[in-house]
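So you can see what is in the structure, the chains are spelled out below.
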Amino acid sequence: MKVPSVTCGTHGKQPQTFVCVHIIESIRDGEAKGFWWSRGEDGVWDAVCNQCNSLSQEAFEALGPENIGVICLGCFEDAAAINEIELE
Ligand SMILES: [Zn+2]
Ligand SMILES: [Zn+2]
C-alpha cells in the first residue's frame, strides 16, 4: 500500500509518519523522551513519547490534533535512534 510522502529539509522525499509533538522536540534538542512506535495496517508508522504513552486513549485524544505532527521517515528513524530504539 502506498504511504503518502512528505518532503523533508534534511532527508528529501520520504514516507510520512505521525508522532507526538514531544518526539518532534526530542529531534530538535536530542533528548530522549521515550519512543513507543507502531505501524498501521496501511504501513504508516506512528510513535508517542513516554508521557503520551502513559495516558489513557481518552486523555490522549483529548489533547487533540495539536499534539500530533507529521515528520518524514528519516526523522522518525533519527528520533528512534535518540531513544536507542530499533525499528523492525
Ligand atoms: Zn508526547
Ligand atoms: Zn526528515
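One can find the structure itself at the top, above this paragraph.
The following paragraphs examine the structure supplied in this document. (Residues numbered from 1 in each chain as written. Chains lettered and ligands numbered in written order. Predicted model: local features only at pLDDT ≥ 70, side-chain atom pairs only at ≥ 80, totals over all residues.)

Before going further, it helps to examine unusual backbone geometry. The backbone of E84 shows a phi angle near 55°, a positive value even though the residue is not glycine. Note on placement: E84 falls in the segment after α4 (73–82). (Helix = DSSP H or I, 4+ residues; strand = E, 2+ residues; numbered from the N terminus.)

So, on to the environment of W37. With respect to the element layout, W37 can be found in strand β3 (residues 36–39). Taking the C-alpha atoms as reference points, W37 and E25, separated by 12 residues in sequence, lie 16 Å from one another. What W37 contacts, discounting residues up to four positions off in sequence, is W45, D46, A47, A80, I85 and L87. (Contact = placed C-beta atoms within 7 Å.)

Pairing between strand β2 (residues 12–20) and strand β4 (residues 45–48): 2 bridges, direction parallel. From the neighbouring strand, V19 faces β4, where its bridge partner is A47. As defined by bridge partners, β3 adjoins β4 across 4 bridges and the pair is classed as antiparallel. Each residue of the ladder has a partner; that of S38, found in β4, is D46. (Pairing = 2+ DSSP bridges.)

What follows concerns the nonpolar core. By size, the foremost hydrophobic cluster in this structure holds 14 residues, and its most contacted members are V19, C20, I23, A47, V48, F76 and A79. Among the elements of the structure, β2, β4, β5 (68–72) and α4 are those that each provide at least two residues to this core. Once you skip the residues sitting within four places of it in the chain, F76 turns out to touch T17, V19, W45, A47 and I71. (Core = buried A, V, L, I, M, F, W, Y, C linked by C-beta atoms within 7 Å. Buried ≥ 20, exposed ≤ 12 C-beta atoms within 10 Å, placed from the backbone.)

Here P65 is to be found in the loop between α3 (57–62) and β5. Among the residues examined, P65 registers 7 C-beta atoms within 10 Å and is labelled exposed. Taking the C-alpha atoms as reference points, P65 and C20, 45 residues apart in sequence, are found 9.3 Å from one another.

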